[in-house]
Amino acid sequence: MRRAEWGLVVVDRWAARAELTRRSAIAVGRLLRRQPHWAAGIILTLAIGIGANATMYGIIDRLLLRPPAHIVDPGRVVRVHGQVRGISGEMFRNPLTYPDYVHLRAHSGFEAIAAYSRPGPRTVRIGESAERLQAAEAAGELFPLLGVSPAFGRFYTPEEAQPGSEPTVVLGHEYWRSRFTADPEILGQTLEINGRDHTIIGVAPAGLTGVDLARVDAWLPFELTATADRGNLEDSWNCYCVSAVARLTDGVSTDAAYVEGLAIVTNAREAAGASMTNIHGITFTPLILARGPEAGSEARVAQWLTGVSLIVLLIACANVANLLTARSLRRRKEIGVRLALGAGRRALVVQAVIESLLLACIGGAFALLIAEWGGSVVRSTLLPDVFFPESALSPRLALITALLAVGAGLLAGVAPAIQSSRADVVLGLKQDGAALTPRSSRLRGFLTVLQASLTVVLLVGAGLFIRSVAEVRRADLGLDVDRLVAVQLELDETVLQGVVADLDGAAAAPGAIRAAHLMGLYEEAIRRIDGLPGVISAAATGSGLGSGYSTTLRADGVDSIPRLAGGGPYQSNVSSNYFETIGLGVSQGRGVLPSDVDGAERATVVSDLMARTIWPDGDAVGRCIYVGRGATECTRVVGVVEDAARNGLRDAPHMAYYLPGGQAGRPYNTVYVRAQESADDIVPRVAAALRSLAPEVRYVRVETMRDRLDPQARSWTLGAAMFTIFGLLALVVAAVGLYSVLAFDVAQRTRELGIRTALGARKARLLRSVLWQGISLTGLGVALGLAAVYWAAPYAQDLLFDTSPRDPWVLGGVAGILLVVSMLAGLVPGLRATRVDPMRALKAD
């Protein structure tokens, strides 16, 4: 009997909840029909907040949460690096040498180890046209190590990846579909990549990126390709060019694997007589690098942006809570009648929450559309190097969006639920029962302050990242990059070897013949470019932007050359007119001249930092340095030039010296071109002029220096764009929320305002009272927001570029913007308050 009664009670409860849900749905339907604009505002606000979070979740899920696709048991897969000691004693990661990698195959803690390279551009010839694809080199062991199977065909074996084998290639699934229209007959055909024919033997599964997240169009055998590109690797103990990944034996920890790996590398180097000066062992990092302490700046910015999107959602929920609370106050008479007729307060609370949930679910449906569109835009513009699936929508994303919608609905429904639970029956039955109570005013004021404070956080973040981007643009790289173009020639090694063979027979060694031929090739490129319209000058270098080679160096009168944090001295070989072309000013002496050729007195130009460091008490010009181990011939310093960044925006200053290309004995690899006006304008002209330079030139890469440097600034660009978008959304939502609060308060105070007008209150005073209400709420929110920003500032310092996280201009500007917006939001309600008709207000009572 008791069980039967208990069952009836459960049924009654479920029936009551179903009835409440039905009534709530009817109420929401009436709301959509009778007040469509008001309801649309709530739904759009929630859709923006939920959609922003869904968009960021899609990015974070790819960068931080899920391992790359198709990897079986990824928890046992680790990256293997060399461990190198820096100049100042710190340890950092480095790729392995090939001999280190070969000896680590004997590691008992590894089920397998495989070498690979990150995807890079390669030239592929299809028919008569040449184009670029992203190719990755991978050892034959990589695919079984990861546990991946091909979509069709097969992967190459470890034996097929060795030098001397016939070149094979496995196409990326997306490249096969887009370039070959998913042709199932592709197997067995050949593809010319970097001048060598490769037989297509398989197609990788969709979404396979190996252990990284970059798109891979083609997989090439590691040892075969690396040997063809870089020569013999077997004894290359100083070529740190092998990235490796290993699968740990089940039950083996990374600590135990480290001990054995260190012993293997140490013993192998001692047996080979190789130096341990540069490499000090091995180290492991997780498969998902973005999770670790050495995560890239883009991943760290993405984590911050996830928190920012949550702030946007909180602002949206606060705004919706304010709107729903206002609606609850308008319905106070209805609620009073229902309470008087015996309705339970709990039922009113549940109905308020259900209404909020239903509105949030509608907003969640629209949020999926925002996530699909917004995610595509963010990925393509701000994270172009990360491969994402074609569609942002996935079951995981849909589930997260649904959970966010439920959470937002519950959060936004708390305030109106509380308001309903505290409704006064007597006050509700009065004609003016909708009048505000101090409690309801405090609740809505708190929500308004919360919106303002959170908006401050977002706008300050946007301002700081925008300042960082501006500082990046103004960064002193020692180069005038705005009108600079970089040109690189990709050579067909097969054709080049034939050309060198035809030139052989002279007294010079083949290596010297090759270097001389390449020097002549780049000099011809400079002559062709110099004659183009819009070009000021062109010059060549053999070491790229500000980089160089580290070589043993002595200086007259100096016992030892000090070591700086930036390293060096680094050697670069440059042509005449180089400093004028890239924008480095010569502060003493002269630059490199056409007369600085082989046979003339050996000359060099040093950087300001090198001159100050080695010769702090005298003039550097005229001094001698000796380049190379055991060198006895003087290389005379003929000039001093400004310092230049070596590799990037964050580089510490370094010592550098420049040798004339005709005396360095090393060929050029880059031509720089100075444009008269716009660098973009001369890019197609330069490419066209060099297209038929020589048969051995397979591809000419021409890009502006600004385009080359932009990827280094991507984390600040990402932060500036997303913080600005989220900040503006939050500002609009907060302004609408403040406007709704003030407009509702004015509507509820109609009788009071009418009486004050009848008693002679001036319109200006009424306007000031409404404006002051908005300014006071916003001012309190601004103060709390600035306090939060001041507290969190140290945690954001590493994400900014030459910008203080407590920049007074940014903080003051954001405070001013919020206060101005609060005045604008209060202007319309304030003017409405001044136009209240006293007679109509008194008759309405």
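Residues numbered from 1 in each chain as written. Predicted model: local features only at pLDDT ≥ 70, side-chain atom pairs only at ≥ 80, totals over all residues. Heavy atoms only, no water.

Caption draft 1: Highlighting a nonpolar patch on the surface. Taken together, the side chains of Val820, Leu824, Leu827 and Leu831 present a nonpolar region at the surface, about 330 Å² in accessible area. Residue leucine 831 is classed as partly exposed on the basis of its relative accessible area of 34%. (Patch = residues over 30% accessible without salt bridge, like charges linked within 9 Å, V, L, I, M, F, W, Y side chains within 5 Å. Areas by Shrake-Rupley, 256 points an atom, 1.4 Å probe, with all protein chains shown as cover. Salt bridge = Lys/Arg side-chain N within 4 Å of Asp/Glu carboxyl O. Buried < 20%, exposed > 50% of the residue type's maximum accessible area, 1.4 Å probe, protein only.)

Caption draft 2: Up close: the packing of aromatic side chains. Counted under the stated rule, the structure contains twelve aromatic pairs. Relative to phenylalanine 284, the ring of phenylalanine 110 has its centre 6.1 Å away and its plane inclined at 90 degrees; by these criteria the two rings are edge-to-face. Residue phenylalanine 110 is found in strand S4 (residues 110–116), and its partner phenylalanine 284 is found in strand S13 (residues 279–286); the two are separated by 174 residues along the sequence. Classification of phenylalanine 110 by relative accessible area gives buried; the value is 7%. Here the aromatic residues Phe143, Phe155, Tyr156 and Trp219 are joined through ring pairs into a cluster of three or more. Positioned over the ring face of tyrosine 626 is arginine 554, at 4.5 Å from the centre of the ring. (Phe/Tyr/Trp six-rings, centres within 6.5 Å; stacked < 30°, edge-to-face > 60°. Helix = DSSP H or I, 4+ residues; strand = E, 2+ residues; numbered from the N terminus. Lys NZ or Arg CZ within 6 Å of the ring centre and 35° of its normal.)

Caption draft 3: Representation of the pairing of strand S18 (residues 570–574) within the structure. Buried residues dominate S18, accounting for five of its five residues. Burial along S18 is two-sided: Tyr570, Ser572 and Val574 and Gln571 and Asn573, pointing in opposite directions, are all buried. Examined bridge by bridge, S18 and strand S23 (residues 656–660) share five bridges and lie parallel to one another. Within the sheet, the bridge partner assigned to valine 574 lies in S23 and is proline 660. (Pairing = 2+ DSSP bridges.)

Caption draft 4: Fine view of the pairing of strand S9 (residues 190–193). The side-chain alternation of S9 yields one buried face, formed by Leu191 and Ile193, and one unburied face, formed by Thr190 and Glu192. Bridge count for strand S5 (residues 120–126) against S9 is two bridges, and the pairing is antiparallel. Pairing of arginine 125 across the sheet is with glutamate 192, part of S9. Pairing of S9 with strand S10 (residues 196–203) involves four bridges; the strand directions are antiparallel. Of the residues in S10, the one forming a bridge with isoleucine 193 is arginine 196. Hairpin connection between S9 and S10: a loop of two residues separates the two successive antiparallel strands, and asparagine 194 in this loop has a positive phi of roughly 50 degrees.

Caption draft 5: Up close: the environment of alanine 644. Positionally, alanine 644 belongs in the loop between strand S22 (635–641) and S23. Taking the relative accessible area as the measure of exposure, alanine 644 reaches 13% and is therefore buried. The spatial distance from the C-alpha of alanine 644 to the C-alpha of glycine 583 is 9.8 Å, given a sequence separation of 61 residues.

Caption draft 6: Structural detail: the state of the cysteines. Following the criterion strictly, the structure yields one disulfide and no others. Paired by a disulfide, cysteine 624 and cysteine 634 hold their sulfur atoms 1.9 Å apart. Handedness of the cysteine 624-cysteine 634 disulfide follows from its S-S torsion of about -85 degrees: it is left-handed. A residue pair is termed long-range when its members are at least 10 positions apart, and cysteine 624 in strand S21 (residues 624–627) and cysteine 634 in the loop between S21 and S22 qualify at ten residues. (Disulfide = S-S within 2.5 Å.)

Caption draft 7: Representation of a negative patch on the surface. Among the surface-exposed residues, Glu677, Asp680, Asp681 and Asp707 lie close enough to one another that they form a single negatively charged patch. Secondary-structure assignment places aspartate 707 in helix H20 (residues 705–709). (Lys, Arg positive; Asp, Glu negative; His and termini not counted. Charge placed at Lys NZ, Arg CZ, Asp CG, Glu CD.)

Caption draft 8: Representation of the pattern of salt bridges. Evaluated as defined, the whole model comprises 15 salt bridges. With a closest N to O distance of 2.8 Å, glutamate 160 and arginine 154 form a salt bridge. Two residues, arginine 528 and glutamate 524, come together in a salt bridge whose shortest N-O distance is 3.3 Å. Placement of both arginine 528 and glutamate 524 in helix H15 (residues 510–530) is noted, with a separation of four residues, approximately one turn of the helix. Exposure remark for arginine 528: the relative accessible area of 28% places this residue in the partly exposed category. By relative accessible area, glutamate 524 is classed as partly exposed at 27%.

Caption draft 9: Representation of empty space enclosed by the protein. If you walk through the whole model with that rule in mind, you get six cavities of 30 Å³ or more. Its volume calculated, the second largest cavity comes out at about 80 Å³. Lining the second largest cavity are Thr448, Ala452, Leu731, Ala734, Ala735, Leu738, Thr778, Leu818, Val821 and Ser822. Counting residues per element, the lining of the second largest cavity draws most heavily on helix H21 (residues 714–748), at four residues. (1 Å grid on protein atoms, 1.4 Å probe; cavity = no way out; pocket = protein on both sides within 12 Å on 5 of 7 lines; lining within 4 Å. Points joined across faces, edges and corners; volume = space filled by probe spheres on them.)

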